[in-house]
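# Fold and geometry: a report
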Amino acid sequence: MEKEEIKYINYQLIGLGITLITTVIAIIITYNQKLGTAKKEKILSNKDSLKLTYFNRILILLIAILFLYINYRFYEIDKEKGVDIKGDILQITASILTIVGALIAIYVVSLSNTENIADIENPNI
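Predicted model only: the values in this text are computed from it and were never measured.

## Brief notes about the pattern of salt bridges
- The tally for this structure, following the rule as stated, stands at 3 salt bridges.
- Between glutamate 5 and lysine 81 there is a salt bridge; the shortest N-O distance is 2.8 Å. In this pair, glutamate 5 is assigned in helix H1 (residues 2-37) and lysine 81 in helix H2 (residues 46-81), connecting sequence segments 76 residues apart.
- On the basis of relative accessibility, which here comes to 44%, the residue lysine 81 falls in the partly exposed class.

Given below as structure tokens:
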């Protein structure tokens with residue numbers, strides 16, 4: 001049982017590492033927006049910024065799905081151990097809500113075009 005828990009903790013570490021990457025991407029996108037707003041030369045074109053935003057939102061969705069899976073596995077482990085599972089159920093619920101938020105964010109990006117990228121460039125969910 002401990003080996004299985006360690007495996008899922010390792011998955012969490014991987015997910016958190018990928019989350020750091022999405023944060024760096026979000027900083028680049030936001031900085032690019034700041035340059036455009038200040039009428040300075042941007043580091044990304046609107047088209048590239050839209051693609052990067054779309055990629056980042058999909059990556060965030062994948063991370064949310066990974067954490068839902070991890071939370072579900074911990075729920076199963078705790079249930080098998082006879083441990084209180086209320087916290088696990090709340091974690092699963094939070095993961096589901098995060099997935100819904102990520103899906104909405106992807107939908108917003110899919111509705112956008114390069115002319116109004118500034119309206120959706122904020123990469124936070």
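## Side note on a nonpolar patch on the surface
- A cluster of nonpolar residues, Val24, Ile28, Tyr31 and Ile43, forms a patch on the protein surface that exposes about 360 Å² of accessible area.
- As for its position among the elements, isoleucine 43 is in the loop between H1 and H2.

## Section: H2
- Here H2 spans 52 Å end to end across 36 residues, near enough to the 52 Å set by a 1.5 Å rise per residue.
- Looking one or two residues past H2, glycine 82 carries a phi angle of roughly 85 degrees, positive in sign.

About the cut-offs
Residues numbered from 1 in each chain as written. Predicted model: local features only at pLDDT ≥ 70, side-chain atom pairs only at ≥ 80, totals over all residues. Heavy atoms only, no water. Salt bridge = Lys/Arg side-chain N within 4 Å of Asp/Glu carboxyl O. Helix = DSSP H or I, 4+ residues; strand = E, 2+ residues; numbered from the N terminus. Buried < 20%, exposed > 50% of the residue type's maximum accessible area, 1.4 Å probe, protein only. Patch = residues over 30% accessible without salt bridge, like charges linked within 9 Å, V, L, I, M, F, W, Y side chains within 5 Å. Areas by Shrake-Rupley, 256 points an atom, 1.4 Å probe, with all protein chains shown as cover. Expected span 1.5 Å × (residues − 1).

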